[in-house]
Amino acid sequence: MNRHKAICLAILEVLENCGENALPQSTLHDHINDRIAQKARTMELQAALDDLSGQGDSVMDAIDKLPPGNFGDDEARWFITKQGRVLLRQK
């Protein structure tokens with residue numbers, strides 16, 4: 001599995017473990033780095049988030065985010081969608 005796919009899979013697994021709760025992006029990044037061999041750079045994480053949220057090469061909205069400010073801070077929070085759960089089960 002290539003590194004980008006490994007990061008995408010780790011994102012889905014971490015968000016699945018959060019249930020219905022949205023995870024701040026910095027916390028998500030920390031959890032991803034606990035799961036993969038070499039720490040993900042910010043741009044690698046952002047590319048994976050973009051693909052999984054349908055903003056990059058991917059056409060599936062496997063994840064979505066709450067915009068910054070919803071919790072009184074300036075950090076986006078991510079959660080897995082139903083499509084993301086389906087994608088994760090296919091892996």
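Look up: the structure comes first, before these words.
Enquirer: Would you mind going over the overall build of the protein chain with me for this structure?
Expert: A count of helical and extended segments in the protein chain gives 4 helices and 3 strands. Starting at the N terminus and ending at the C terminus, the protein chain contains elements arranged as α-β-α-α-β-β-α. Expected size for 91 residues packed as a compact globule is a radius of gyration near 12 Å; at 12 Å, the protein chain falls within 12% of this value. Over its C-alpha atoms, taken along the principal directions, the protein chain stretches across nearly 40 × 25 × 25 Å. For the protein chain, the proportion of contacts with a sequence separation of at least 24, taken over those separated by at least 6, is 50%. Surface exposure of the protein chain reaches about 5600 Å², of which carbon and sulfur atoms provide 48%. In the protein chain, the 11 positive side-chain charges and the 14 negative ones have mean positions that sit 5 Å from each other.

Enquirer: Quick question: what am I supposed to make of the sheet that holds strand β1 (residues 23-24) here?
Expert: Within a beta sheet, neighbouring strands are joined by backbone hydrogen bonds and run either parallel or antiparallel to one another. An order of β1-β3-β2 is seen for the 3 strands of this open sheet, with the pairing classed as antiparallel. What marks the edges here is a single partner per strand, and that holds for β1 and β2 (63-66).

Enquirer: Before we go on, may I ask you to explain the pattern of salt bridges in this structure?
Expert: Side chains that carry opposite charge are capable of pairing whenever their charged atoms lie near each other. According to the stated counting rule, one finds 5 salt bridges in the structure shown. A salt bridge links E44 to R3; the shortest N-O distance between them is 2.7 Å. Of this pair, E44 sits in helix α3 (residues 42-52) while R3 sits in helix α1 (residues 3-17); the two residues are 41 residues apart in sequence, bridging distant segments of the chain. Take E44: its relative accessible area is 15%, and that puts it in the buried class. Judged by its relative accessible area of 28%, R3 is partly exposed. A salt bridge links E16 to R85, with the nearest nitrogen and oxygen atoms 2.9 Å apart. Here E16, found in helix α1, pairs with R85, found in helix α4 (residues 82-90); they are 69 residues apart in sequence, far enough to count as distant. Residue classification places E16 among the partly exposed residues on the basis of a relative accessible area of 28%. Overlapping salt bridges bring together R3, R41 and E44 as one network.

Basis of the calculations
Residues numbered from 1 in each chain as written. Predicted model: local features only at pLDDT ≥ 70, side-chain atom pairs only at ≥ 80, totals over all residues. Heavy atoms only, no water. Helix = DSSP H or I, 4+ residues; strand = E, 2+ residues; numbered from the N terminus. Rg over C-alpha atoms; globule rule 2.2 N^0.38 Å. Contact = heavy atoms within 4.5 Å. Areas by Shrake-Rupley, 256 points an atom, 1.4 Å probe, with all protein chains shown as cover. Lys, Arg positive; Asp, Glu negative; His and termini not counted. Charge placed at Lys NZ, Arg CZ, Asp CG, Glu CD. Pairing = 2+ DSSP bridges. Salt bridge = Lys/Arg side-chain N within 4 Å of Asp/Glu carboxyl O. Buried < 20%, exposed > 50% of the residue type's maximum accessible area, 1.4 Å probe, protein only.

Shape descriptors only; they carry no functional weight alone.
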